[in-house]
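Summary of the model geometry
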Amino acid sequence: MKKLRVGQIGIGHNHGDAKMEAIRKFPHLFEVVGYAEEDEAWVEKRGGFPMYADLARMSVNEIIEKSDLVLIESDVWDLIKYGKMAIDAGKHIHLDKPAGGTLEDFEELLRAAEEKKLIVQLGYMYRYNPAVKKCFELIELGELGEIYSINAEMGTFHSPEYKNWLRNFNGGIMYILGSHLIDLVVYILGEPQRVEHYLKHTGLDEIDVEDNNLVVFEYEKALARIFVSSVEVNGWGRRQLVVSGSRGTVSILPLENVCKMTFASLDGRVDHYADIKDEIEIEDNSVTGRYDEMVNDLYAYVTGEKENPFSYAHELAVARAIDCAVGGASFRDEKIHG
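First, a word on scope: everything that follows refers to the structure included in this document. (Residues numbered from 1 in each chain as written. Predicted model: local features only at pLDDT ≥ 70, side-chain atom pairs only at ≥ 80, totals over all residues. Heavy atoms only, no water.)

**Notes on the overall build of the protein**
Quick reminder of the rule: Helix numbering and strand numbering both begin at the N terminus, where a helix is a DSSP run of H or I of at least 4 residues and a strand a DSSP run of E of at least 2. Only protein chains enter the accessibility calculation, which uses a 1.4 Å probe; a residue is then buried when its area is under 20% of its type maximum, exposed when over 50%, and partly exposed in between. Only the protein chains shown count as cover for residues, with accessible areas throughout obtained via the Shrake-Rupley method and a probe of 1.4 Å. For the purpose of charge, His is not counted, nor are the chain termini; Lys and Arg are scored as positive and Asp and Glu as negative. To locate a charge, take NZ of a lysine, CZ of an arginine, CG of an aspartate or CD of a glutamate.
Check the secondary structure of the protein and you find 14 helices and 13 strands. Taking the principal axes of the C-alpha coordinates as reference, the protein spans close to 65 × 50 × 35 Å. Looking at the 338 residues of the protein, the share that counts as buried comes to 55%. Summing over all exposed atoms, the protein offers an accessible surface of approximately 15,100 Å²; the carbon and sulfur share of this is 49%. Averaging the positions of the 37 positive and the 58 negative side-chain charges in the protein gives two centres separated by 2 Å.

**Quick word on the side chain of N213**
Put simply, the test is: Any pair of nitrogen or oxygen atoms within 3.5 Å is treated as a polar contact; in protein, a donor-acceptor pairing is required on top of that, and neighbouring residues in sequence qualify only through side-chain atoms on both sides. The contact criterion used is simple: two residues touch if any of their non-hydrogen atoms lie within 4.5 Å.
By the secondary structure assignment, N213 is in strand β8 (residues 212–218). Polar contacts involving the side chain of N213 include one to the main-chain amide nitrogen of M174, which spans 3.1 Å. If we ignore the near neighbours within four places in the chain, the residues touching N213 are G171, I173, M174, Y198, L199, K200, I226, F227 and V228.

**Structural notes on the packing of aromatic side chains**
Just so we agree on the cut-off: Stacked, tilted and edge-to-face are the three classes applied to pairs of Phe, Tyr and Trp rings, where Trp contributes its six-membered ring and a pair requires centres within 6.5 Å; stacked means planes under 30 degrees apart, edge-to-face means over 60, and tilted covers the rest.
Applying the stated rule across the entire model yields 8 aromatic pairs. Their ring planes at 45° and their centres at 4.6 Å tell us that F136 and Y187 sit as a pair that is tilted. Taken as a pair, F136 in helix α7 (residues 130–140) and Y187 in helix α10 (residues 178–189) lie far apart in primary sequence, 51 residues in all. Owing to a relative accessible area of 13%, F136 belongs among the buried residues under this scheme.

**A look at the pattern of salt bridges**
For the record, the criterion: Any Lys or Arg side-chain nitrogen located within 4 Å of an Asp or Glu carboxyl oxygen qualifies as a salt bridge.
Within the structure shown, the criterion is met by 25 salt bridges. The salt bridge partner of K84 is E108, with a shortest N-O separation of 3.6 Å. In this pair, K84 sits in helix α5 (residues 79–88) while E108 sits in helix α6 (residues 103–116), placing the two residues 24 residues apart along the sequence. With relative accessibility at 17%, the residue K84 sits in the buried group. Three or more residues joined by partner-sharing salt bridges are found here, namely K19, E73 and D96.

**Some thoughts on the packing of helix α1 (residues 16–23) against helix α13 (residues 292–303)**
Basically, it comes down to this: Interaxial angles span 0 to 180 degrees and are taken between N-to-C directions of axes, which are lines fitted to C-alpha atoms, for helices over the stretch in contact. In a left-handed crossing the near helix is turned counterclockwise from the far helix by less than a right angle, and in a right-handed crossing that turn is clockwise. Basically, the charged four are Asp, Glu, Lys and Arg, the nonpolar ten are Ala, Val, Leu, Ile, Met, Phe, Trp, Tyr, Cys and Pro, and anything else, Gly included, counts as polar.
Two elements in contact, α1 and α13, have axes whose closest approach is 9 Å; the angle formed by their N-to-C orientations is 65°. You can see that α1 and α13 cross each other, and the crossing is right-handed. Within the contact between the two elements, α1 uses K19, A22 and I23 and α13 uses D292, M294 and V295. Of the residues contributing to the contact of α1 with α13, the split by class is 4 nonpolar, no polar and 2 charged.

**Some remarks on the environment of E307**
Its location among the elements puts E307 in the loop between α13 and α14 (312–328). Note: C-alpha distance between E307 and V242 (65 residues apart in sequence) is 27 Å.

**Observations concerning a nonpolar patch on the surface**
Heads up, the rule is: Exposure above 30% relative accessible area and the absence of a salt bridge qualify a residue for a patch, where like charges join within 9 Å and nonpolar side chains (Val, Leu, Ile, Met, Phe, Trp, Tyr) within 5 Å.
Taken together, the side chains of F157, L204 and V233 make up a nonpolar region of the molecular surface, amounting to roughly 290 Å² of accessible area. In this fold, L204 is placed in the loop between β7 (194–200) and β8.

As structure tokens, this is what we get:
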């Protein structure tokens, strides 16, 4: 089995250490060459983490030169810059999320990758959540019928330090957490025809940031509601995805470990005013790891064993929808084309 040489650019992304930890669980698939970080503050803060402590620290150019596959885990605002450098050098990338930069910059990166037939895997973790994958499967099999409604929620009670960091981003917590859910909605329903957003500043901890947000995506027949919060006590325990169609409803609550999933089917129902649903048994990926399947799929995409189901066009559609959700536009009467 061919090993892929992997290097990481940046250790400043909040998911970067967990990605490297996952990569290092599979030494038969990956050979880690080292990491690059140009901000000494991040080296001081995270360079001693166990997944980095025994790795060589190199320059960005050295990491790109020595790698087949590059993990881009920098501060969000530098993701596209480093991702484009790796793509220009002919290297596959895992690009953490949201992609950062402008839509034009991201489109240029994706176009270059597609022309060179390079893998671009975005770091949207719920794509690999076992309950979400089962939901996708039921939709593909037609078990839900025509989808009319999606309700997605992702909350946390964040520290003042985290909320201050959110001030870097238009839309605050909608940009950071909401992007995960927007990715799922766009995968299921496509790009919305209209977008309405409500970006609220609670002022908790005397921090002025959009920390209590709702966005509504409107389609010809369907509505999707995405709620994210940095001020919700037990928000983690209430993270959820509910997908309703003409034949059935999937509910995943909680969405994080350990997931609980139910499926209510129209078939065989007698009492439409009763709570009749079946619990779907889901693998506990808190045991295997949140990113293990993601990095295994990444290996398979690069080696050609699997086709990446998340196309370049999908990644750009998600970026456009995020742009609208955080204030790029409040209303869209036509399809969003950036």
